[in-house]
Number of protein chains: 2
Amino acid sequence: MSAGARDVVTSVSPYVPPPAQKLSINTATVRQQWKLDAIIDGIARHGIRGISPWRDQVAELGLAETARRIRAHDLTVTGYCRGGMFPAADAAGRLAARDDNRRAVDEALTVGAQCLVLVVGGLPAGSKDIAGARAQVRDGVAELLDYSRGVGMPLAIEPLHPMYAADRACVNTMTHANDLCDELGDDGLGIAVDLYHVWWDPQLPAQIARAGKKRLLTFHLCDWLVPTRDLLLDRGMMGDGVIDIPAARALVEAQGYDGMHEVEIFSSQDWWKRPPDEVLATCKARHLACC
Amino acid sequence: MSAGARDVVTSVSPYVPPPAQKLSINTATVRQQWKLDAIIDGIARHGIRGISPWRDQVAELGLAETARRIRAHDLTVTGYCRGGMFPAADAAGRLAARDDNRRAVDEALTVGAQCLVLVVGGLPAGSKDIAGARAQVRDGVAELLDYSRGVGMPLAIEPLHPMYAADRACVNTMTHANDLCDELGDDGLGIAVDLYHVWWDPQLPAQIARAGKKRLLTFHLCDWLVPTRDLLLDRGMMGDGVIDIPAARALVEAQGYDGMHEVEIFSSQDWWKRPPDEVLATCKARHLACC
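Chain A carries the name D-tagatose 3-epimerase in an unreviewed UniProt entry, which gives Pandoraea horticolens as its organism.

Following this line, the structure appears as structure tokens:
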């Protein structure tokens, strides 16, 4: 894989670059090179206006210090990563998840996040009951909504690629996420659309339209590489893969989505090995050239 | 991963083992250890009554010789692997695919297969147009049906897991396969249900019911391992993963499916490294214990 993007081949013609100020960086993108304080400073230094931090990094830097540094640079927090992981093998596990998720809501408020992203969890250990896991997710989101609505933090259900159904998230399509929003109510509940997870779905255009502006809480970008060498840590830089990102952006914009474009790249063999300033500069360039 | 299956945990209770004579072996399961003549003999020696061979192995052994050996053992050929790969970058590529698929139909007839399995293909090189690839698939299947219907060879569209959408098959759900059957007509057209690809789908029960007995042309088994270490070559033996196989079998049987249960395991680091007699014996045991 070269650092140069392929020519943009898209169903959206002519190509109109997105506004540069719409770029946000999920901190996982450079987490192997920098700690969170360096990531915040680096994002600001590159003139990038949005950030989405992970809880473990925030815990290491300190919640108040994280919030202070993000505010000092006036960065928009496009999401907080992450809550969820609802299914558990027993009631104690579910109670622990409930409490941890409430803390995640509180932290998201403190850092000023636009939403708490929910990676809902997969099968409890030893279980083959995916319908049961999905029922636990529904109940867990419903219970968390009782809390999050009270404090005003929107929850964004993130459908994850079906290859993560067993171990990370058993909500794997926009259709399922929309169904949950229908069942639990739109108030304070929506969807995190990450193209890596949903690009393949023939229902994507219809389900983005079904979601509408109200449910489209955040929009995540990277690319699907061919070949993909690892199920978790081989995401591509925008332009290096097969996702028609401009076409997908047109779909969310057609619904009135006017939020930022959050780049989230897990890449153990490529981007996590590069100098982080190069990674951020490439994110900026590819955002304009390929998104 | 141990050779012993986990306890059967299934939503179907009490567990009723499938009839042993329903077991069929896809030759990919032991292809790293044996050539096709040894596979055919080994399957018969183990008292297994079904087989599904791959074209490259058939080409190596010879089509007539393959057919003769399969007939000599009176094995049921539960499918022929494989046709498809319809999308191409240009007309010459599509023409080559058409001709090759017609040859695959002829070969399937010669070996007495119950259906030709279609792995429909992904994006042409350099393309990001998955909707266009899907249109090429529809047109390619329609054109092949003109031929296959004339000679009486059923085509079985195999939805592949969404992680193969780019490079192997852009039909990734039972819903999409059913849509194609609706559009192109059920005559000589149906679906190959491989649980590895579709187990995660919340729509699976409804789409198996929608397919009905007429479209359920073959039923493939293996298991989804946690973790899965390779996108292509880390399928699990039934019982070692998270798929509720008995529940899925109950779904197809509820539609009247009375065909065989074809085991297809690609496993570069485990089952392909074991003695093939052990693999076949394990397939037999797990079929009875976990399916």
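Another aspect to go through is helix α4 (residues 91-110) of chain A. Every α-helical turn comprises 3.6 residues, leaving residues that sit three or four positions apart pointing alike. Residues and elements named next belong to chain A. Helix length check: α4 (20 residues) gives 29 Å between terminal C-alpha atoms against 28 Å at 1.5 Å per residue, within 8%. Taken together, the buried positions of α4 are A97, N101, A104, V105, E107 and A108. The buried residues of α4 all sit within an arc of 165° when viewed along its axis, so they share a single face. In α4, the exposed residues that point more than 90 degrees away from the buried face are A91 and A92. The inward-facing, buried residues of α4 abut α2 (55-61), α3 (63-72), β4 (80-84), β5 (116-119), α5 (130-151) and β6 (155-157). G112 lies just past α4 and shows a positive phi near 75°.

Residues and elements named next belong to chain A. Here α5 crosses helix α6 (residues 174-184) at 50°, and the two axes come no closer than 11 Å. Classified by the angle their axes make, α5 and α6 are oblique. Regarding α5 and α6, the two cross each other, and that crossing is right-handed. Residues R134, V137, R138, V141, A142, L145 and R149 of α5 form the contact with α6, whose participating residues are H176, L180, E183 and L184. Looking at the contact of α5 with α6 residue by residue, the class counts come to six nonpolar, one polar and four charged.

As a further point, take the packing of aromatic side chains. Throughout the structure, instances matching the rule amount to eleven aromatic pairs over all chains. An angle of 70° between the planes, with centres 6.1 Å apart, marks the rings of W54 of chain A and F266 of chain A as edge-to-face. Of this pair, W54 of chain A sits in the loop between β2 (50-52) and α2 while F266 of chain A sits in the loop between β9 (261-263) and α10 (276-290), and the two are 212 residues apart along the sequence. These aromatic residues form a ring-pair network of at least three members: W54, F266 and W272 of chain A. The ring of F266 of chain B carries R235 of chain B above its face, with NZ or CZ at 4.2 Å from the centroid.

Below, the discussion takes up the interface of chain B and chain A. Contact with chain B, which involves 31 residues of that partner, is made by 31 residues of chain A. Linking chain B to chain A there are zero salt bridges. The tally of links between chain B and chain A comes to four residue pairs in polar contact (both at pLDDT 80 or more).

Quick look at the sheet that holds strand β4 (residues 80-84) of chain B now. Residues and elements named next belong to chain B. Strand order in the open sheet formed by nine strands is β3-β2-β1-β9-β8-β7-β6-β5-β4, and the pairing between neighbours is parallel. Where the open sheet ends on each side, the last strands, each with one partner, are β3 (76-77) and β4. Here two bridges tie strand β2 (residues 50-52) to β3, and the two strands are oriented parallel to one another. By the bridge assignment for β3, I51 is matched with V77. Lying over the sheet, helix α4 (residues 91-111) contacts β3, β4, β5 (116-119) and β6 (155-157), oriented at roughly 160° with respect to β4.

Of the voids in this model, the largest pocket is the one considered here, and its volume is about 760 Å³. Taken together, 32 residues form the lining of the largest pocket, with D201, P202, Q203, L204 and P205 of chain B sitting closest to its centre. Contributions of two or more residues to the lining of the largest pocket are made by α5 and α6 of chain A together with α6 (174-184), α8 (204-215) and α9 (245-254) of chain B. By residue class, the composition of the lining of the largest pocket is 15 nonpolar, nine polar and eight charged. Computed from the structure, the second largest pocket encloses a volume of approximately 360 Å³. Along the walls of the second largest pocket sit 18 residues, with W199, L204 and P205 of chain A together with I130 and A131 of chain B positioned nearest its centre. Among the elements of the structure, α8 (204-215) and α9 (245-254) of chain A together with α5 (130-151) of chain B are those that each provide at least two residues to the lining of the second largest pocket. Here the residues of the lining of the second largest pocket sort into twelve nonpolar, one polar and five charged.

Calculation criteria
- Residues numbered from 1 in each chain as written.
- Chains lettered and ligands numbered in written order.
- Predicted model: local features only at pLDDT ≥ 70, side-chain atom pairs only at ≥ 80, totals over all residues.
- Heavy atoms only, no water.
- Helix = DSSP H or I, 4+ residues; strand = E, 2+ residues; numbered from the N terminus.
- Expected span 1.5 Å × (residues − 1).
- Buried < 20%, exposed > 50% of the residue type's maximum accessible area, 1.4 Å probe, protein only.
- Arc of directions from axis to C-beta.
- Contact = heavy atoms within 4.5 Å.
- Axes fitted to C-alpha atoms, helices over the stretch in contact; angles between N-to-C directions.
- Parallel < 35°, antiparallel > 145°, perpendicular 65-115°, else oblique.
- Left-handed = near helix turned anticlockwise from the far one by under 90°.
- Nonpolar A, V, L, I, M, F, W, Y, C, P; charged D, E, K, R; others polar.
- Phe/Tyr/Trp six-rings, centres within 6.5 Å; stacked < 30°, edge-to-face > 60°.
- Lys NZ or Arg CZ within 6 Å of the ring centre and 35° of its normal.
- Salt bridge = Lys/Arg side-chain N within 4 Å of Asp/Glu carboxyl O.
- Polar contact = N/O pair within 3.5 Å; in protein donor to acceptor, adjacent residues only side chain to side chain.
- Pairing = 2+ DSSP bridges.
- 1 Å grid on protein atoms, 1.4 Å probe; cavity = no way out; pocket = protein on both sides within 12 Å on 5 of 7 lines; lining within 4 Å.
- Points joined across faces, edges and corners; volume = space filled by probe spheres on them.

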